[in-house]
Amino acid sequence: MSTRQLSVCIGILSSCCVLLPLVAQQSTSAPTPSPLPGFVYDVPFFPDAHHDPAIPTPDSILGFPVGQRPTTHAQIEACLKAWAGKSPRTKLFEHGKTHEGRTLYHIAISSEANIKRLEQIKADLAKLADPRSIAAADADRLAATLPGVAWMAYTIHGDEMSGSDAALALAWHLIAGTDESVRKMLDELVIIIDPLMNPDGRDRFINQIAIDRTMQPSIDDQSLIHSGPWPAGRTNHYLFDLNRDWLLGVHPESRGRLAAIGAWHPQLLVDAHEMGSQDSFLFSPPREPVNPNVAPTARNWWEVFSKAQAAAFDKFGWRYYHGEWNEELYPGYSTSWAAFHGAITILFEQATIASDAVRRREGTLQTYREAVHHQLVGSLSILSTFQANRAAILRDFLAQRRQAMAEDSPYARRTFAVVPSANRARLREFIELVQLHGLEVYTAGKSFTASNGKDRLGRPFKDRQFPAGTILIPNRQPEARLAAAILEFDTRMSSEFLQEERHELLRFNRSRLYDTTAWNLTMLHDVEAYELSQPLPDGAERYAGLPAEPPPRNPAPDAPVAFVIDGADDASVVGAARLLERGIQVRVSNKPFALDEQAFARGSVVVTKADNREFTGDLAGIIAQVANELHVRDVPIKSGLGAGDVPDLGGEHFVLLDAPRIAVLTRDPFSRYSFGEIWHLIDRTLGIRASYIDRAELRGTDLRRYNVLVIPEGAGDSLKDRLESLKSWVTTGGTLIAIGSSAAAIARLPEADVASPLVGGAPPFTTARLLPDVLTKLDDYSLTVVREWEGRYGAIDPDVVWSQTAPAEVTFPWSPLTDGKKPADEELKRRDKWRSIFMPQGAILAARVDDRSWLTSGCGDYVPVLFHGDTVLMAAGVVQAPVRLGAIVPTNDATTRPSTRPASAPATQGATAGEGEKSTSAHWAPTPPGYELRLRMSGLLWPEAADRLAHSAYVTRESVGAGQIILFAASPTFRGSTKGTLRIFSNALIYGPGMGASPPIRL
């Protein structure tokens, strides 16, 4: 290394030290770094280019060369504001703020003439995006003359650093460049740069780099400076992966960006990422599976852009590849979502270099600045290709919109219908999200009959009646491809890919799928939805908001004895949480009831004046304030007497809650995603306080302060040394909630200790089991499933009951599962090991609910469950299963409500199944004659996995002393989006200390 190179090396290292005071004080005595060949990367970003000296360089604003080290959000913000104030080629926009209050920006860069007419360009593109709004000849003219719009997006994962610095270099070059190539590009394109999609995660990771910084260059990618401690910087403030949130729109970063991009209708979207440090560079096109709703023209353009990208990298001799692991099935990635809007989408994945450089396997060093250069060259190559093909791309953009709207389009005769319910909060959230995606929503002005279609369980129907007010989303609309992608019930993969996926699982024990295979928004929101095989019915009107709730049947009493918030609405449990936090005594009903001639659902929140005699605040005023905040009605009640056998206000069916004092375990070894989802629910949705406890500090934690303890996914064996103290805490009244693999860890026991829950031998903590541990004792669990069904739906023959003679023969509900031919124990284990190979990594399953469990308040007869992982919970004996996988429904009947026995159905008790009425089985438990088990709602569920999961418990609940243990087989909080199971989890958090545990009376 030359003296000059060593000097540059020391300068780079010095500037990377992020102003640590201690380092500054000791710098004069610090040893000189040893020479590192290849540590200096000084290839110019813009060789031979000319720039306007009046436009400040990034270096002059930052105080160091761009690409030398990662820039913070504040530094990026300073550059954008400096350039927007200096150049007529720019216009700076804000599209939101993060949870931590950082502003989200995008900057439009084009010729001065284009910037002056930016709003007109946007309006004209909106006309192109909706062929109904413009004559065909005018649309063709606009497609030929309008500038193309590119949205260049960087760093949605905060610890994938190089993209944002490439964005700064790119923005400056386009703003300040004086060469004819730059001028021509800006005449023909409007380039929108979104330089930092996840500011909170990026700044968190930069702070971690500063904390872990060493004086000597760090080139080992296993070192802390490159990996970062838990939770690192990939996620946003609440530890959500924002590149899965484009579909779900849970976070402000996503919601602002969805609205901004939707208003621009870009024809190109680039999403710049990073991947493993030892990798090279990946770009589009993706491999299979590709969502079938992606426009066919996209595949052609992927090839064009791929060849241009390869040629640009070949000039430098850089390594790259495309496809391999990147697929485009899930519509919640940035590139997938934009593709359904008609954009050509390009993914970049650069090998990550968090700072300094990384020693690669071949022995070379790749520096952070070189990583930035890769991103920059890729971006310029894509923009140049877009410019060269602008007219053809705009023509294709218009053509695919026309095709989607055509009368012979595959989308023309399909409408998605959602029947309103009393759960207005959930319906409102669903409609707002659909509209955020740019979809048109209608309502039925009158009742209508749909000639045919199917329900969420895949059951066809004919001539079904729908009420006035039904929400209608026609698939035939400008955003037809997006509507299909996010609302069709069952997006499928090709047979060829399924074969490949199965081979991959069997040969290498790995999946070719990159993410969840199910995401339907009506299922995630658990709203009653149908796919109709017809266009919009006559009388459909554009949606103008939910109709006002009907007024109470009776006028408000002058002196109410209580106030009620109906439990059918998800907002009721939020209301209970907030009222409890204000010191108000709250009750919840465990049965439906009617007071003052007004009916209320199970799980309704009741505040009585009698319970709150010691409350000194404005009780009615506070209840009204909370109700108004949540858009629900607080109904005053003048009498606590229920008519007939309906519960009375002073009886056992109105359970007094104990205010939850919640603790959530966090940090290693727990999943940051699982913890973040729980944190977000408690902090943002419920809006209450909780304590977040480091697992490493659990031994010294005084658990007596809490009555609810939540264990996110990922516990593994980390709780073994605390089982006795946790059991003691539960026994004295605690509610322990564990999720997924952590639930499995609590239920798991050495095989020698496992005994049937019905014959003793209980384990030290819970009698809930995992399927592999009870394969030889499945009769007990099968009997439990039979008892649950018969206990709810079983019919009797009174003549047999009152007979005074002993029966000559007793028949049993269902035929034996195996007719006495049970496989040997070892064969059972082999079969289960085979089935376990095929467990889903994200499928929506139907799960039936216990209508008498307080945990399922607010649920219908079945709830969609996003299931992933391999935890199969078994419940029998003292372990309740409030939610079991599989909806039991009448065979070939989609008109009857799920899990409800029609009057004409054959009775099971006292009847012998005739021909065609034999019980069917799903692995270890039978299904009654005349019924079938509907399990898969959407996504990939191999038959082996379906057989393994059917009838198993999604939720278990068990009393342990004065407390309880609640286990969820898979995450109920999946990406903050699964509203049905979020309600169950919220019930557990807020109602558990009072309804499921026995709190002491405090004297």
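Numbering of residues starts from 1 in every chain and runs along the sequence as written. Residues qualify for local features only when their pLDDT is at least 70, as the model is predicted, and side-chain atom pairs are given and counted only at 80 or more; totals for whole chains, interfaces and linings, by contrast, use all residues. Only hydrogens and water are set aside when side-chain values are computed; all heavy atoms of the structure are taken into account.

Before going further, it helps to spend a moment on the overall build of the protein. Assigned secondary structure in the protein consists of 30 helices and 42 strands. Based on C-alpha atoms, the radius of gyration is set beside the globule rule, defined as 2.2 Å times the residue count to the power 0.38. On C-alpha atoms alone, the protein measures out to a radius of gyration of 31 Å, which is about the 30 Å that the 2.2 N^0.38 rule sets for 1003 residues. Along the first, second and third principal axes, the C-alpha set of the protein runs to 105 × 75 × 70 Å. A 1.4 Å probe rolled over the protein chains alone gives each residue an accessible area, and that area as a share of the maximum for its type sets the label: buried under 20%, exposed over 50%, partly exposed in between. Looking at the protein as a whole, 59% of its 1003 residues qualify as buried. In the protein, the proportion of contacts linking residues at least 24 apart, taken out of those at least 6 apart, comes to 80%. To measure how exposed things are, a 1.4 Å probe is used in the Shrake-Rupley method; for residues, cover is taken only from the protein chains shown. Here the protein has roughly 39,700 Å² of accessible surface; of this, 51% comes from carbon and sulfur atoms. Computed over 103 positive and 116 negative side-chain charges, the separation of the two mean positions in the protein equals 1 Å. Secondary structure is summarised from DSSP: a helix means a run of H or I of at least four residues, a strand means a run of E of at least two, and numbering begins at the N terminus for each. Contacts are assigned to residue pairs that have any heavy atoms within 4.5 Å of one another. In summary, the charge assignment counts Lys and Arg as positive and Asp and Glu as negative, without counting His or the chain termini. Where a charge sits is defined by one atom per residue type, namely NZ (Lys), CZ (Arg), CG (Asp) or CD (Glu).

Turning our eyes to something else, we now look at the environment of W172. Take W172: it is sitting in helix α8 (residues 162-176). A relative accessible area of 12% means that W172 is categorised as buried. Separated by 116 residues in sequence, W172 and P56 have C-alpha atoms that sit 8.3 Å apart.

Neither face of strand β24 (residues 605-608) is open: one carries V605 and V607, the other V606 and T608, and all of them are buried. Strand pairing requires that DSSP identify at least two bridges connecting the strands. Here four bridges tie strand β20 (residues 562-565) to β24, and the two strands are oriented antiparallel to one another. Across the sheet, V564 pairs through a bridge with V606, a residue of β24.

Time to look at the packing of aromatic side chains. Centre-to-centre distance and the angle between the planes together describe a pair of aromatic rings. The aromatic pairing rule takes the rings of Phe, Tyr and Trp, using the six-membered ring of Trp, and pairs them if the centres are within 6.5 Å, calling planes under 30 degrees apart stacked, those over 60 edge-to-face and the rest tilted. Here the structure, examined in full by the defined rule, presents 31 aromatic pairs. Joined through ring pairs, the aromatic side chains of F281, F283, F313, F316, W318, Y320 and F348 make up one cluster.

The seven strands lie next to each other as β16-β15-β18-β13-β17-β14-β19, forming an open sheet whose pairing is antiparallel. The two strands at the open ends of the sheet, each matched to only one other strand, are β16 (460-466) and β19 (540-542). For this sheet, the mean angle separating the axes of adjacent strands, direction not counted, is 40°. Relative to strand β17 (residues 471-474), strand β14 (residues 442-444) is paired through two bridges, and the arrangement is antiparallel. Note on β17: the bridge partner recorded for Y442 is L472. Lying on the sheet, helix α17 (residues 424-436) is in contact with β13 (415-418) and β17; it crosses β17 at an angle near 20°. Fitting a line to C-alpha atoms yields each axis, with helices limited to the stretch in contact; the angle taken between N-to-C directions then spans 0 to 180 degrees.

The next thing to look at is the nonpolar core. Definition of nonpolar core: a set of buried residues of the types Ala, Val, Leu, Ile, Met, Phe, Trp, Tyr and Cys, connected through side-chain atoms within 4.5 Å. The biggest cluster of nonpolar side chains holds 150 residues, and the ones touching the most others in it are L128, I193 and L268. At ten residues, α8 tops the list of elements feeding residues into this core. Residues contacting L128, with those up to four places away along its chain left out, are A139, L142, A143, L146, L394, F397, L398 and R401. Counting 117 residues, the second-largest nonpolar core is a separate cluster that includes A738, A747, M874 and W924.

When pLDDT is averaged along the protein, the result is 90, and 91% of the positions lie at 70 or above. When the criterion is pLDDT under 50, residues 1-27 qualifies, and its contacts beyond four places in sequence or with other chains add up to 33 contacts. The pLDDT score gives, residue by residue, the confidence of the prediction method on a 0 to 100 scale. Low pLDDT, under 50, characterises residues 894-917; the stretch is placed with 53 contacts to residues that sit more than four places away or in other chains.

A separate point is the environment of Y793. Residue position: Y793 is located in helix α26 (residues 778-793). Note on Y793: relative accessible area 15%, which makes it buried. Linking Y793 and G886, residues 93 residues apart in sequence, is a C-alpha distance of 16 Å. A distance of 3.1 Å separates polar atoms of two side chains, one belonging to Y793 and the other to R792. In the analysis that follows, any N or O atom pair within 3.5 Å is treated as a polar contact, provided that within protein one partner can donate a hydrogen and the other can accept it, and provided that, for residues neighboring in sequence, both atoms belong to side chains.

Any empty space left between atoms is shown by rolling a water-sized probe over those atoms. Its volume calculated, the largest pocket comes out at about 970 Å³. What lines the largest pocket is a set of 35 residues, and nearest its centre among them are E429, H680, R684, T685 and K979. Of all the secondary-structure elements, those providing two or more residues to the lining of the largest pocket are α12 (252-264), α17, α21 (571-581), α22 (619-630), α23 (672-686) and α30 (979-996). Note on residue classes: Ala, Val, Leu, Ile, Met, Phe, Trp, Tyr, Cys and Pro are nonpolar, Asp, Glu, Lys and Arg are charged, and everything else, Gly too, is polar. Tallied by class, the residues present in the lining of the largest pocket amount to 13 nonpolar, ten polar and twelve charged. Cavities and pockets were defined on a 1 Å grid built from protein atoms only: a cavity is a group of points that admits a 1.4 Å probe but offers it no way out, a pocket is an open group of points flanked by protein on both sides within 12 Å along at least five of seven lines, and a lining residue is one with an atom within 4 Å of any such point. Grid points are joined across faces, edges and corners, and a volume is the space filled by probe spheres set on the points.

Turning next to empty space enclosed by the protein. Tallying each qualifying case throughout the model produces seven cavities of 30 Å³ or more. The calculated volume of the largest cavity comes to roughly 80 Å³. What lines the largest cavity is a set of 13 residues, and nearest its centre among them are T297, G342, A343, I344 and Q400. Every element with two or more residues in the lining of the largest cavity is listed here: α13 (296-314) and α16 (390-405). At four residues, α16 tops the list of elements feeding residues into the lining of the largest cavity. Considering only residue class, the lining of the largest cavity consists of eight nonpolar, four polar and one charged.

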